[in-house]
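This is what each chain is made of:
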Amino acid sequence: MPEPLLQAVGLECERDERLLFQNLSFSILPGTVTRVEGPNGSGKTTLLRILAGLNDAWTGELNWCGQPRDRHRESYLRNMLYLGHRPGIKPLLTPLENLRALMAGRRPLDDDALLQALAGTGLSGFEQVPCRNLSAGQQRRVALARLLIADEPLWLLDEVFTAIDAAGVEAIESLLLQRAREGGAVVVTTHHNLDLPGMGRITLGGATER
Amino acid sequence: MWQFFHKLGSPKWFFGIANRFMPWLLAGGLILLVAGLVWGLAFAPKDYLQGNSYRIIFIHVPSAFLAQSIYIMMASAAVVTLVWRMKLADVFVKSVAPVGLMFTFLALFTGAVWGKPTWGTWWVWDARLTSMLILLFLYGGVIALDRSINDEKSAARAVAVLVLVGVVNIPIIKYSVNWWNTLHQPATFKLTEKPAMAMEMWVPLLLSVLGLYLLFGWLACLRMKTEILVRERRTRWVKDLVLAGRK
Amino acid sequence: MNANASIKVQSAQRSVGVTQAMVAVFLRDVRVAFRQKQDLLNPLLFFTMVVTLFPLGVSPEVAFLKQSGAGILWVAALLSVLLSLDHLFRHDFDDGTLEQLMLQPQPLFLLVLAKTLAHWMLTGLPLVLLTPVLGLMLHLDGNSVATLCLTLLIGTPVLSLIGSIGAALTLGLRSAGVLLSLLIIPLYIPVLIFGTGTVAAAVEGAQVSGYLALMGAFLVLALTLAPFASAAALRISLSNS
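Residues numbered from 1 in each chain as written. Chains lettered and ligands numbered in written order. Predicted model: local features only at pLDDT ≥ 70, side-chain atom pairs only at ≥ 80, totals over all residues. Heavy atoms only, no water.

## Some thoughts on the packing of helix α5 (residues 127–148) of chain B against helix α8 (residues 176–203) of chain C
Next up, step 1: In contact at an axis separation of 9 Å, α5(B) and α8(C) are set at 155° when each is read in the N-to-C sense. As far as their axial angle goes, α8(C) and α5(B) are roughly antiparallel. Viewed along their axes, α5(B) and α8(C) form a crossing whose handedness is left-handed. Judged by residue contacts, B:I134, B:F137, B:L138, B:G141, B:A144, B:L145 and B:S148 of α5(B) engage C:L179, C:L182, C:L183, C:P186, C:L187 and C:I189 from α8(C).
Next up, step 2: Along the lines of polarity and charge, the residues of the contact of α5(B) with α8(C) split into eleven nonpolar, two polar and no charged. (Axes fitted to C-alpha atoms, helices over the stretch in contact; angles between N-to-C directions. Helix = DSSP H or I, 4+ residues; strand = E, 2+ residues; numbered from the N terminus. Parallel < 35°, antiparallel > 145°, perpendicular 65-115°, else oblique. Left-handed = near helix turned anticlockwise from the far one by under 90°. Contact = heavy atoms within 4.5 Å. Nonpolar A, V, L, I, M, F, W, Y, C, P; charged D, E, K, R; others polar.)

## Examining helix α2 (residues 37–57) of chain C
Residues and elements named next belong to chain C.
Next up, step 1: For α2, spanning 21 residues, the distance from its first C-alpha to its last is 30 Å, which sits close to the expected 30 Å at 1.5 Å a residue.
Next up, step 2: Residues of α2 that are buried: L40, P43, L44, F47, V50 and V51. Buried positions in α2, seen along its axis, are confined to an arc of 115° and lie on one side of it. Residues of α2 that are exposed and angled more than 90 degrees away from the buried face: K37, M49, L53, L56 and G57.
Next up, step 3: Next to the buried residues of α2 lie α1 (18–35), α3 (62–85) and α6 (108–137). (Expected span 1.5 Å × (residues − 1). Buried < 20%, exposed > 50% of the residue type's maximum accessible area, 1.4 Å probe, protein only. Arc of directions from axis to C-beta.)

## Let's talk about the interface of chain C and chain B
In many reports, interface size means the accessible area that the parts give up when they come together.
Next up, step 1: Each side of the interface is counted separately: chain C has 24 residues, and chain B has 26 residues.
Next up, step 2: Of the roughly 2300 Å² buried at the junction of chain C and chain B (both faces included), carbon and sulfur atoms supply 83%.
Next up, step 3: Of all the secondary-structure elements, those providing two or more residues to the side of chain C that touches chain B are α7 (142–169), α8 and α9 (209–239) of chain C.
Next up, step 4: Ranked by residues supplied to the side of chain C that touches chain B, first place goes to α8(C) with eleven residues. (Buried area = accessible area lost by both parts, 1.4 Å probe.)

## As for the packing of aromatic side chains
Next up, step 1: This model, assessed by the stated rule, comprises ten aromatic pairs over all chains.
Next up, step 2: When the ring of B:F105 is compared with that of B:F109, the centres are 6.3 Å apart and the planes differ by 20°; the resulting orientation is stacked. Residue B:F105 and its partner B:F109 are both found in helix α4 (residues 87–119); the two are separated by four residues, about one turn of the helix.
Next up, step 3: B:F109 sits in the partly exposed class, given a relative accessible area of 47%.
Next up, step 4: With a centroid separation of 5.6 Å and an interplanar angle of 85°, the aromatic rings of B:W123 and B:W125 are classed as edge-to-face.
Next up, step 5: These aromatic residues form a ring-pair network of at least three members: B:Y175, B:W179, C:F194, C:Y211 and C:F218.
Next up, step 6: For A:R86, the ring lying beneath its charged end belongs to C:F93, and the centroid distance is 4.9 Å.
Next up, step 7: The positively charged end of B:K225 is found above the aromatic ring belonging to B:F15, 5.3 Å away from the centroid. (Phe/Tyr/Trp six-rings, centres within 6.5 Å; stacked < 30°, edge-to-face > 60°. Lys NZ or Arg CZ within 6 Å of the ring centre and 35° of its normal.)

## A few points about the domain arrangement of chain A
All names here are of chain A.
Next up, step 1: In terms of domains, chain A is made up of domain 1 (1–79 + 153–210) and domain 2 (85–151).
Next up, step 2: The centre of domain 1, based on its C-alpha atoms, is set 24 Å off from the matching centre of domain 2.
Next up, step 3: Opposite the 18 residues of domain 1 that make contact, domain 2 presents 13 residues.
Next up, step 4: With both chains or domains summed, domain 1 and domain 2 bury close to 1200 Å², and 53% of this area falls on carbon and sulfur atoms.
Next up, step 5: Our count for the domain 1 to domain 2 interface comes out at two salt bridges.
Next up, step 6: Across the salt bridge formed by R78 and D151, the nearest N and O atoms sit 3.2 Å from each other.
Next up, step 7: At the surface where domain 1 touches domain 2, the tally comes to six residue pairs in polar contact (both at pLDDT 80 or more).
Next up, step 8: No other element matches the four residues that helix α6 (residues 166–181) contributes to the side of domain 1 that touches domain 2.
Next up, step 9: The class makeup of the residues in the side of domain 1 that touches domain 2 is nine nonpolar, three polar and six charged. (Domains from an automatic or database assignment. Salt bridge = Lys/Arg side-chain N within 4 Å of Asp/Glu carboxyl O. Polar contact = N/O pair within 3.5 Å; in protein donor to acceptor, adjacent residues only side chain to side chain.)

## So, the sheet that holds strand β8 (residues 185–189) of chain A
All names here are of chain A.
Next up, step 1: One open sheet accounts for five strands, arranged β6-β7-β8-β3-β9; its pairing is parallel. Lying at the two open borders of the sheet, with one neighbouring strand each, are β6 (80–83) and β9 (200–203). Taking the axes of each pair of neighbouring strands and ignoring which way they run, one obtains an average angle of 15° across the sheet.
Next up, step 2: Here four bridges tie strand β3 (residues 32–37) to β9, and the two strands are oriented parallel to one another. For R35, the partnering residue across the bridge sits in β9 and is R201.
Next up, step 3: Packed onto the sheet, helix α1 (residues 44–52) meets β3, β6, β7 (154–158), β8 and β9 and runs at close to 150° relative to β7.
Next up, step 4: Relative to the sheet, helix α5 (residues 136–149) contacts β6 and β7, its axis offset from that of β6 by approximately 165°. (Pairing = 2+ DSSP bridges.)

As structure tokens, then:
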């Protein structure tokens, strides 16, 4: 069995006086897609933010490639791509400028590669339009363009299908599967009916009063 | 050692310890404070310059001491909060901040009352009074931030950062205010005790300072106990405690 | 499944250099600001208006203005910076770029420092440049204006740096603007005292290099400590969102 990229042992998180989850353990192996499931308010987004390292109100153990994640933060951040509810797109900048700025701190690419990625998400012709003039779906597509040029093996995607049309959903689904085939790992939350072959699941119950 | 440290962080353990120490703190504090105040107010000799009005230092000085050292204690607790995430340290900061504010206000108020007979005015922009006023602002900021954040863990950590930033600034503020003071008015009036203070004035002052520290300890325990009960209200031991109390 | 694995865990050494990442953050903030020029003008307008209030509200007499001009300009500059601080992280917080910033592999405090420097260049520096004009209107002489500009040049970055801590602490809170002022004004007092005090000393003909050096020390202290506090505060605020 390959070494898990990310391993959680006995995660516990309490938020606003509700116990979201307790004793949650799982491993994210390379070559897998994992879906985090559960009703509204069960802590899906919180779990993803914990995994990403944005939320630190948790106890338990998180290991990255067999080492404590928080002691190898730089290596972890270098190899993890997180897309949240908020797409990380500046409304005043164009898609190209946004993508350039997002990649600048991770892996600077030349404009050709960026334009190609934008074209790949169906944004050809919009590269120079300020993002605030784009639709919600198009803005998300700017963020999703990162998936086409990402070299990070671990993807954490929160509600990745929001505001995306049917064709787009299909394209993303195949992108996730392809990433898994290439040896990466994907963790997603979605309200969309996602059922990929070989997909793992992490099920969160309804939150319980402590 | 570590075991002890962790136990120290447990609210339940603190509850037991606090209950044991509180009567002693209260009794000791009251005895010392009353002794210091009665001695200072009624029996200590008159000041040859200021007459009887100087006697307010027996309240003013202990309050000012407390006001400043509570902020330092909060800063130490803030370090513990940020580094070890000890619950009890959060509780301490949250519980004593209003007490610190109160002592700062008391120091300012007694300073003003002293100012009236000494300088003929309620307020002078004296270096010490101004520093105290800024300390009051710092306490106000800490309390305002704490009340603005709903999640108690986030509130504790945010407040800890603010308190630490404040404690780095306190010496700088004091230094600048002193400099500002010499720039704008010659140093004729100072709220300092004269260096050669008579022994009969020193001892009662010391007694009141010690007494007020002990009383602060008692008040801190009391407020921390209340805060702990609120925070831990859903745990087993608090429920048991409350049920036992009802019988 | 892993037979054709082409995606591998990269070593951290392969991440982008810190300077390069800081420059990128700085440039993005500058670019965004120039797309929304009104936001650049607002602190300057506010600065001018606050200064105007003093001759109107207190006295237009030359003697008063000469004596109080430096203090008025310093207080007005301080308030303008305070007003602009709310924007420092808020837009980034709302659109999610702040999250992405925190997930960059570089140390967060350096990225925050880059953002704060951009903030100073976009608000503090223009205030300094506008000061001679307003100084003229307050009848300050050349020597005072020069010293005043120098103190503002050293002092406004300190205001931005200390302010970034408050902006980070109050991020995402209701009535963050007022709260931010409550937290930050006490911490601004030393800078204000030495800023105006230096000008007063210059007017009296005293040697001011010592005071300027002291303000420089404030700046160095703020540069080294404030980004750490801001970064810690940002983590706390984001963790809570």
